[in-house]
Amino acid sequence: MQSYIEIKVPISWDEPWFEELRELLDGVNIRWQRGYYHITMAFLDETPHGVDLLTGLNRRLQQASAPTMTFDTLDAFATGGGRRQVIYLTTSDTPPEFLSLVEDIRGHFKARGCVIQSPFKLHVTLGRVDDHRMNVSKLKGIIGEVDVPATTLSLNSVEFRIFRGKTLGLWKLKKSL
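These numbers were taken from a predicted model, which means no experiment stands behind them.

**Student:** Is there a simple way to think about a positive patch on the surface in this case?
**Tutor:** Taken together, Arg31, Arg83, Arg84, Arg128 and Arg164 make up a surface patch of like positive charges. For Arg128, the position within the fold is in strand E7 (residues 124-129).

**Student:** What exactly am I supposed to notice about the packing of helix H2 (residues 54-63) against helix H3 (residues 96-111) here?
**Tutor:** Two measures define how a pair of helices packs: the angle their axes make with one another and the distance between the axes. The N-to-C vectors of H2 and H3 enclose an angle of 165 degrees; their axes lie 10 Å apart at closest approach. The angle between H2 and H3 places the two elements in the roughly antiparallel class. The handedness of the crossing between H2 and H3 is right-handed. Contacts from Gly56, Leu57, Arg60 and Leu61 of H2 reach H3 at Leu101, Asp104, Ile105, His108 and Phe109. Classifying every residue of the contact of H2 with H3 by side-chain character gives 5 nonpolar, 2 polar and 2 charged.

**Student:** Sorry, what's going on with the pairing of strand E4 (residues 68-71) here?
**Tutor:** Every other side chain in a regular strand lies on the same face of the sheet, so the side chains alternate between the two faces. Only one face of E4 is covered, namely the face carrying Met69 and Phe71; the face carrying Thr68 and Thr70 is uncovered. Pairing between E4 and strand E8 (residues 151-154): 4 bridges, direction antiparallel. Along E8, the bridge assignment pairs Thr70 with Thr152.

Definitions and cut-offs
- Residues numbered from 1 in each chain as written.
- Predicted model: local features only at pLDDT ≥ 70, side-chain atom pairs only at ≥ 80, totals over all residues.
- Heavy atoms only, no water.
- Patch = residues over 30% accessible without salt bridge, like charges linked within 9 Å, V, L, I, M, F, W, Y side chains within 5 Å.
- Areas by Shrake-Rupley, 256 points an atom, 1.4 Å probe, with all protein chains shown as cover.
- Salt bridge = Lys/Arg side-chain N within 4 Å of Asp/Glu carboxyl O.
- Lys, Arg positive; Asp, Glu negative; His and termini not counted.
- Charge placed at Lys NZ, Arg CZ, Asp CG, Glu CD.
- Helix = DSSP H or I, 4+ residues; strand = E, 2+ residues; numbered from the N terminus.
- Axes fitted to C-alpha atoms, helices over the stretch in contact; angles between N-to-C directions.
- Parallel < 35°, antiparallel > 145°, perpendicular 65-115°, else oblique.
- Left-handed = near helix turned anticlockwise from the far one by under 90°.
- Contact = heavy atoms within 4.5 Å.
- Nonpolar A, V, L, I, M, F, W, Y, C, P; charged D, E, K, R; others polar.
- Buried < 20%, exposed > 50% of the residue type's maximum accessible area, 1.4 Å probe, protein only.
- Pairing = 2+ DSSP bridges.

Laid out in structure tokens, this is it:
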């Protein structure tokens, strides 16, 4: 079974910088993410049958504080052997506490025999480009024209889900002092 754990990022489709980005890329074949913005903390490619993951997640997440992150960077990377690109929002200064939480959760999964093939990359997917006229270099040039104001957000909602399926767990992280 494939599953993943994500932390929600409360950005809006109507952000002026996001509207500008979409306008600059008008005419390019892009599947824009409409809501449901998040950072995938871990994607589990395989999970052993019958293993209890929720008890350890509960223990970790009930003690965790909501990270505060300043998002200030648009970027892109290639996937599918360079045939497709992902446009994403990220931060230029990742809080070490957040990275520690991510590594703790990923370690919890691996210790229980879960297979995680992809490394962690802090990004909020905004759109997936599938257009033969576009490559990652050209895309970066275009998105570099958008001025993203530094936006500080508290990330307090975590969800563990079956890939394209039901929710297995929901947590609200406590506010930082």
